[in-house]
Amino acid sequence: MSSPAPLDPAQLVAKDGPGTALGLRYEEVTPELVRAHLPVTDKVRQPAGIVHGGVYALIAESMCSAGTVIGVWEDGMVGLGMSNNATFLRSVKDGTIHAVARRIHGGRTTWIWDVELSDDEGRVCALVRMTIAIRPRR
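Residues numbered from 1 in each chain as written. Predicted model: local features only at pLDDT ≥ 70, side-chain atom pairs only at ≥ 80, totals over all residues. Heavy atoms only, no water.

Side note on the environment of Trp-113
Rules: Here a strand is any run of E in DSSP of at least two residues, a helix any run of H or I of at least four, and the numbering for each starts at the N terminus. What qualifies as a polar contact is a pair of N or O atoms within 3.5 Å, subject to a donor-acceptor requirement within protein and to the restriction that residues adjacent in sequence count only when both atoms come from side chains.
Within the fold, Trp-113 resides in strand β5 (residues 110–118). For the pair Trp-113 and Lys-43, spaced 70 residues apart in sequence, the C-alpha separation works out to 26 Å. Within polar-contact distance, the side chain of Trp-113 engages the side chain of Thr-68 at 2.9 Å.

A closer look at the pairing of β5
Here is the rule we go by: We call two strands paired when DSSP finds no fewer than two bridges between them.
Relative to β5, strand β4 (residues 96–106) is paired through eight bridges, and the arrangement is antiparallel. Opposite Ala-101, over in β5, you have Val-115 as the bridge partner. Here β4 folds back onto β5 in antiparallel fashion, the turn holding three residues. For β5 and strand β6 (residues 124–136), the ladder comprises nine bridges, and the chain directions are antiparallel. From the neighbouring strand, Asp-114 faces β6, where its bridge partner is Arg-129. Linking β5 to β6, which pair antiparallel, is a turn of five residues; within it Gly-122 sits at a positive phi near 85°.

Comments concerning the pattern of salt bridges
Quick note on the threshold: A pair is scored as a salt bridge if a Lys or Arg side-chain nitrogen falls within 4 Å of a carboxyl oxygen belonging to Asp or Glu. Residue exposure (1.4 Å probe, protein chains only): buried if accessible area is under 20% of the type maximum, exposed if over 50%, otherwise partly exposed.
Here the structure, examined in full by the defined rule, presents six salt bridges. The closest approach of N and O atoms between Arg-35 and Glu-28, which form a salt bridge, is 3.3 Å. On the basis of relative accessible area, Glu-28 is assigned to the partly exposed category, the value being 30%. Across the pair Arg-123 and Glu-121 runs a salt bridge whose closest N-O atoms are separated by 3.0 Å. Under the relative-accessibility criterion, Arg-123 is labelled partly exposed at 37%.

Quick look at the nonpolar core
Basically, it comes down to this: By nonpolar core is meant a set of buried Ala, Val, Leu, Ile, Met, Phe, Trp, Tyr and Cys residues that side-chain atoms within 4.5 Å join together. The criterion used for residue contact is that any of the two residues' heavy atoms lie within 4.5 Å.
Of all hydrophobic cores here, the largest spans 32 residues; its most connected members are Ile-59 and Leu-117. Mapped by element, the contributors of at least two residues to this core are β1 (25–29), β2 (33–39), α3 (53–72), β4, β5 and β6. Ranked by residues supplied to this core, first place goes to α3 with eight residues. Those residues in contact with Leu-117 that lie beyond four places of it in its chain are Tyr-56, Ile-59, Ile-97, His-98, Ala-99, Arg-123, Val-124, Cys-125, Ala-126 and Val-128.

Below you can see the structure in the form of structure tokens.
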């Protein structure tokens, strides 16, 4: 098997269709830590005027997938979302959602991440535990 092409993190995150459509912006992407933010706009608000819960899940899955793929790509593998467990603590109506994903397990077949999503005041608004399955690239 030939060596996989090097993976440019900027190209990876640019291919995140849903994240890009909603305005997700990455600040740092490594196999251990991912930082990103998302401006709150009408695209992400539900009818009551607060950020839709699914947006937090999308942010987490996008970030954790990106960090995992960066870590496993050179081994001919890819990361695929397997489980996304979000707990909502505080609603957000305006400003920016700030997210930090930290890898807590990097195994051969699964990686597990914890994601903390906060508002502009640094108050935690949601917590997500994300499991990423590691599979061969096709």
